[in-house]
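Chain by chain, the residues:
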Amino acid sequence: MKNKNCVCDAVENILEQQEAVKDKCPTSCYSNLLNPVKSLGDTIPFVLFSETGKLFKAFGNVGGNCFETNFFRVEHISHCCATLQLLLPLDCHGQHAHEVCDVHKLVKTRNCVEVDLTCFCAIQCLSPKLVK
């Protein structure tokens, strides 16, 4: 059953695509053997926007090597509430990128945030090639 929130629907679709390329058995008749994302990894990164057009951000490693990010990977979703993994944005020198347009690659972290997807008005998917 589809939700009445387009952001929620988009994140559910992203999760379905990510789960379709898991390497449980890459030649299974139940996997999408022709899926071009398979060679690009298992993550479709995205950013979320509030109704005022501001990028949503979260903080990782608070109390340690703290970082701020606008980039996420969906881990789980239920009733428009999602667990999002924080993706660390790096510039072309491998340093933390502070500006969105300076991001050269994204790195998965162990940091997650729980969000209510009905609080967002827009989502923008990014290239899976960004995730290293």
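Right above here is the structure, for reference.
Procedures and definitions
- Residues numbered from 1 in each chain as written.
- Predicted model: local features only at pLDDT ≥ 70, side-chain atom pairs only at ≥ 80, totals over all residues.
- Heavy atoms only, no water.
- Helix = DSSP H or I, 4+ residues; strand = E, 2+ residues; numbered from the N terminus.
- Contact = heavy atoms within 4.5 Å.
- Areas by Shrake-Rupley, 256 points an atom, 1.4 Å probe, with all protein chains shown as cover.
- Core = buried A, V, L, I, M, F, W, Y, C linked by side-chain atoms within 4.5 Å.
- Buried < 20%, exposed > 50% of the residue type's maximum accessible area, 1.4 Å probe, protein only.
- Disulfide = S-S within 2.5 Å.

Enquirer: Explain the overall build of the protein residue by residue, including any values.
Expert: When helices and strands are tallied, the protein shows one helix and seven strands. Counting from the amino terminus, the protein carries its helices and strands in the arrangement α-β-β-β-β-β-β-β. Long-range pairs, those at least 24 residues apart, make up 59% of the contacts in the protein between residues at least 6 apart in sequence. Accessible area of the protein: about 8200 Å², with a carbon and sulfur share of 54%.

Enquirer: Can you lay out the nonpolar core for me, pointing to particular residues and giving the numbers?
Expert: Within the largest apolar cluster, 21 residues are counted, with the highest numbers of intra-cluster contacts made by Phe46, Val74, Leu84 and Leu117. Looking at this core, the elements that each hand over two or more residues are helix H1 (6–20), strand S1 (46–49), strand S4 (72–78), strand S5 (81–90) and strand S6 (105–116). With five residues, H1 is the largest single contributor of residues to this core. When sequence neighbours within four positions are dropped, the list of residues in contact with Phe46 reads Val11, Ile14, Asn70, Phe71, Phe72, Arg73, Val74, Leu84, Ile123, Gln124, Cys125 and Leu126.

Enquirer: Help me get a handle on the state of the cysteines, residues and values and all.
Expert: Following the criterion strictly, the structure yields one disulfide and no others. With a sulfur-sulfur separation of 2.2 Å, Cys8 is cross-linked through a disulfide to Cys80. Of note, the bridge from Cys8 to Cys80 carries an S-S torsion of about -135° and is left-handed in sense. In this pair, Cys8 sits in helix H1 while Cys80 sits in the loop between S4 and S5, placing the two residues 72 residues apart along the sequence. Residue Cys8 shares its accessibility class with Cys80, and that shared class is buried. Distance from the sulfur of Cys6, which forms no disulfide, to the nearest cysteine sulfur (Cys121) is 8.0 Å.

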